[in-house]
Amino acid sequence: MENKKKVAKPEGKLAVLIPGLGAVSTTLMAGVELARQGKGAPIGSLTQMGTARLGKRTDGRTVKLNELVPLATLEDVVFGAWDIISEDAYQVAVRSGVLNDKHLEQVKPFLQGIKPKQGVHDPEFVRRIAANHIKATKTHRESIEAIRQDIRDFKKELNAKRAVMVVCSSVETFRPLPEAFQSLANFEKALDSNSTDVNPTALYTYAAIKEGVPFANATPNASVDTPALQELAKQEGMPVAGRDLKSGQTMMKTVIAPALKARMLGLEGWFSTNILGNRDGEVLDDPQAFKAKEVTKSSVLDTILQPDLYPELYNKYSHKVSIHYYPPRGDAKEGWDNIDITGWLGYPMQIKVNFLCRDSILAAPLVLDIALFLDLAKRLEWRGIQEWMSFYFKSPMAHPGLPVEHDLFIQLTKLKNTLRVVAGEEPITHLGLDYYGDDLPLAR
C-alpha cells in the first residue's frame, strides 16, 4: 500500500497537561521518569511495548508501534497539572499510596518539581473534596482565559513546542445533558450567562481546544462527548477523544461479553461491585457522582451483545453495578463479577471474576498512550472524534449516527489498522484464504 500519510515529525518537547493531580496522574509521571532512568518498565502501554504485524504471516514482519508511526518519545515528555489541592506531585503520590517507598525516593526531586496551578472548582460538581487551591476567577469566561494563559505559561516553563490535555480530575456529579451542551451556539450563551449547567471539565475542554491543544477526557464528566464541544473541536481543527478510562472491571466486561456472544451463550444477569479507598472512591461515595460513573460502566453490554439481534439470548438480562468506598483498600481496588449464563437447552452456568487490581497502575499507561496518540493525530492534522482510540475508553465516541464499538478486540484491530494505514501499510483482515490456494477456492 503505497499511500503513506504525511505527518510532521515530533520535534521538541511534548507537554502533557493534566487537570487533576491525583493518584493516576502522579503514578503516570513517576512511571515515565522511572522508565527514563531504566528503573522500571512501561508495562501496559501499547505505545511503548505493543507491536503490529505487517503484511502476510509468511513475511515475518512485525514492528513496534512506536517504530511504525512517529510518536513522541518518553525522553521528550514533560508534565504540567492543575488541581484544587495545593500539594505537589510527590506529596500526592505519597498520600495516594500507589507506589512503594523505593520507587518514590528514586523520583522524589522530579515529582517535587511538579506543582499544580490553581484549578477551576465548583462545589456543586465535586462535593467531597475540601479545595484550597482555586482560581479567583468570577465568570466562566474568566476561568477559560485563565486556563488558556496557564497553557501558554506551561509551554514556556517546560520548554515545550507542543501540548496535549488529558483530564484525570475527580468525578463530577451526574446531570442529564442540558440544552446548553446541545450546540456550540447554546454553549457560548451558557458561558456568557455563567450558567450553572457548565461543569469545570467543560471549561478545561473549551480552553484547550481554543488554545490549539488536542484534548481527551479520562473521566465520566461531561466534555467532548457533547454535541457543543464536538462542534468546537471540528471548527478549531482539534482531535478529541474520550470518555472515562477503561482500566479494570469494565475492561474485563469488554473481554468476557464478546466471548459469550461469539459462542452464542445466553446471559441471565451480570452483577458487578467493587470496593475502592482512594480519593476517587471518596468522591464516588456521593450518589450523584457515582451516577456519572454508573452510566459509563453500564453502557458496554447492550452494544456488545446486541439484544435486538439476539432476543432469545440477551433481551432480559439483569445488570447491576455498584461501587463502595472502603478506605483501608486505598488504590488497591477489588472488583467482583457474578455472571449468570445459559448454555445448550437453557441449562444454567456461572462465571465468577475476582479482580484484585490497582486502579492507578492500570490507568497510568492508558493516559500515556492517549497523550502520545493525540499528539500524532494533531500532527496528522486530524480533527474531531478519534474513534480509532476507542480502545481506551468505557464510553467511546463515534461519528453521529454510527453505533459505538465496545468489543476490546475489535477496538484493538481498529487502532492497529489505523496506524498501519498511516504508515502506508495494508490493513490486516485475518481472512487468510489466500494461503490455501486450490484447497479453499473462492471461485469455481
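Rules used in this analysis
- Residues numbered from 1 in each chain as written.
- Predicted model: local features only at pLDDT ≥ 70, side-chain atom pairs only at ≥ 80, totals over all residues.
- Heavy atoms only, no water.
- UniProt positions renumbered as here; feature names shortened; annotations may be inferred.
- Helix = DSSP H or I, 4+ residues; strand = E, 2+ residues; numbered from the N terminus.
- Rg over C-alpha atoms; globule rule 2.2 N^0.38 Å.
- Contact = heavy atoms within 4.5 Å.
- Areas by Shrake-Rupley, 256 points an atom, 1.4 Å probe, with all protein chains shown as cover.
- Lys, Arg positive; Asp, Glu negative; His and termini not counted.
- Charge placed at Lys NZ, Arg CZ, Asp CG, Glu CD.
- 1 Å grid on protein atoms, 1.4 Å probe; cavity = no way out; pocket = protein on both sides within 12 Å on 5 of 7 lines; lining within 4 Å.
- Points joined across faces, edges and corners; volume = space filled by probe spheres on them.
- Nonpolar A, V, L, I, M, F, W, Y, C, P; charged D, E, K, R; others polar.
- Domains from an automatic or database assignment.
- Buried area = accessible area lost by both parts, 1.4 Å probe.
- Salt bridge = Lys/Arg side-chain N within 4 Å of Asp/Glu carboxyl O.
- Polar contact = N/O pair within 3.5 Å; in protein donor to acceptor, adjacent residues only side chain to side chain.
- Axes fitted to C-alpha atoms, helices over the stretch in contact; angles between N-to-C directions.
- Parallel < 35°, antiparallel > 145°, perpendicular 65-115°, else oblique.
- Pairing = 2+ DSSP bridges.

The protein chain goes by Inositol-3-phosphate synthase in an unreviewed UniProt entry, where it is assigned to Corallococcus aberystwythensis. Looking at the Sequence similarities (unreviewed entry) heading of the UniProt record, one finds this comment for the protein chain: "Belongs to the myo-inositol 1-phosphate synthase family."

Per the secondary structure count, the protein chain includes 17 helices and 13 strands. In terms of C-alpha radius of gyration, the protein chain reaches 22 Å, essentially the compact-globule figure of 22 Å for 444 residues. On the principal axes, the C-alpha backbone points of the protein chain span a range of 75 × 50 × 50 Å. Residue pairs at least 24 apart in sequence account for 76% of intrachain contacts in the protein chain once pairs closer than 6 positions are excluded. Within the structure as shown, the protein chain displays about 20000 Å² of accessible surface, and the carbon and sulfur contribution to it stands at 52%. For the protein chain, the distance from the average position of its 55 positive side-chain charges to the average position of its 54 negative side-chain charges is 3 Å.

For the rest of this paragraph, the subject is the layout of surface pockets. If a probe the size of a water molecule is rolled over the atoms, the empty space left behind becomes visible. Space inside the largest pocket adds up to approximately 570 Å³. Together, 36 residues line the largest pocket, and V24, C168, N278, D280 and D359 are the ones closest to its centre. Within the residue set of the lining of the largest pocket, elements represented by two or more residues are α1 (23-36), α4 (89-96), β9 (266-276), α12 (279-284), α13 (287-298) and α16 (359-379). Take the lining of the largest pocket: its biggest share by element is four residues, from α12. In the lining of the largest pocket, the residues fall into 13 nonpolar, 12 polar and 11 charged. Taken domain by domain, the lining of the largest pocket gets at least three of its residues from each of domain 1 (14-245 + 360-423) and domain 2 (249-356). The volume enclosed by the second largest pocket comes to roughly 460 Å³. Looking at the second largest pocket, it is lined by 22 residues, and the ones nearest its centre are T27, G31, A41, I43 and I361.

As far as domains go, the protein chain holds domain 1 (14-245 + 360-423) and domain 2 (249-356). Measuring from the centre of the C-alpha atoms in domain 1 to the corresponding centre in domain 2 gives 25 Å. The interface is formed by 29 residues belonging to domain 1 together with 27 residues belonging to domain 2. At the boundary of domain 1 with domain 2, total buried surface from both sides reaches about 2400 Å², with 60% on carbon and sulfur atoms. Summed over the shared surface of domain 1 and domain 2, the result is zero salt bridges. Between domain 1 and domain 2 we count two residue pairs in polar contact (both at pLDDT 80 or more) in total. Looking at the side of domain 1 that touches domain 2, the elements that each hand over two or more residues are α4, α16 and α17 (408-422).

A few words now on the pattern of salt bridges. Summed over the entire model, instances satisfying the criterion amount to 19 salt bridges. Taking the shortest distance from any N to any O, the salt bridge between E211 and R152 comes out at 3.1 Å. Linking E211 in the loop between α9 (200-210) and β7 (215-217) with R152 in helix α7 (residues 140-157), this pair joins segments that are 59 residues apart in sequence.

Between α7 and helix α8 (residues 184-192), the least distance of the axes is 7 Å, while the angle of their chain directions is 100°. Relative to α8, the element α7 is oriented roughly perpendicular. Facing H140, R141 and I144 of α7, the residues of α8 in contact are E188, A190, L191 and D192. Broken down by class, the residue content of the contact of α7 with α8 amounts to three nonpolar, one polar and three charged.

Once that is clear, we can look at the sheet that holds β7. Spatial strand order, β5-β4-β1-β6-β7-β8-β13: seven strands in an open sheet with parallel pairing. With partners counted over all chains shown, the strands left at the sheet margins are β5 (117-118) and β13 (384-385), one partner each. Pairing geometry for β7 and strand β8 (residues 239-242), over three bridges, is parallel. Note that in β8 the partner of A216 across the bridge is A241. Relative to β7, α9 is tilted by about 160°, and along the sheet it contacts β1 (13-19), β4 (77-83), β6 (160-167), β7 and β8. The sheet contacts of α16 involve β1, β4, β6, β7 and β8, and relative to β6 the element is tilted by about 130°.

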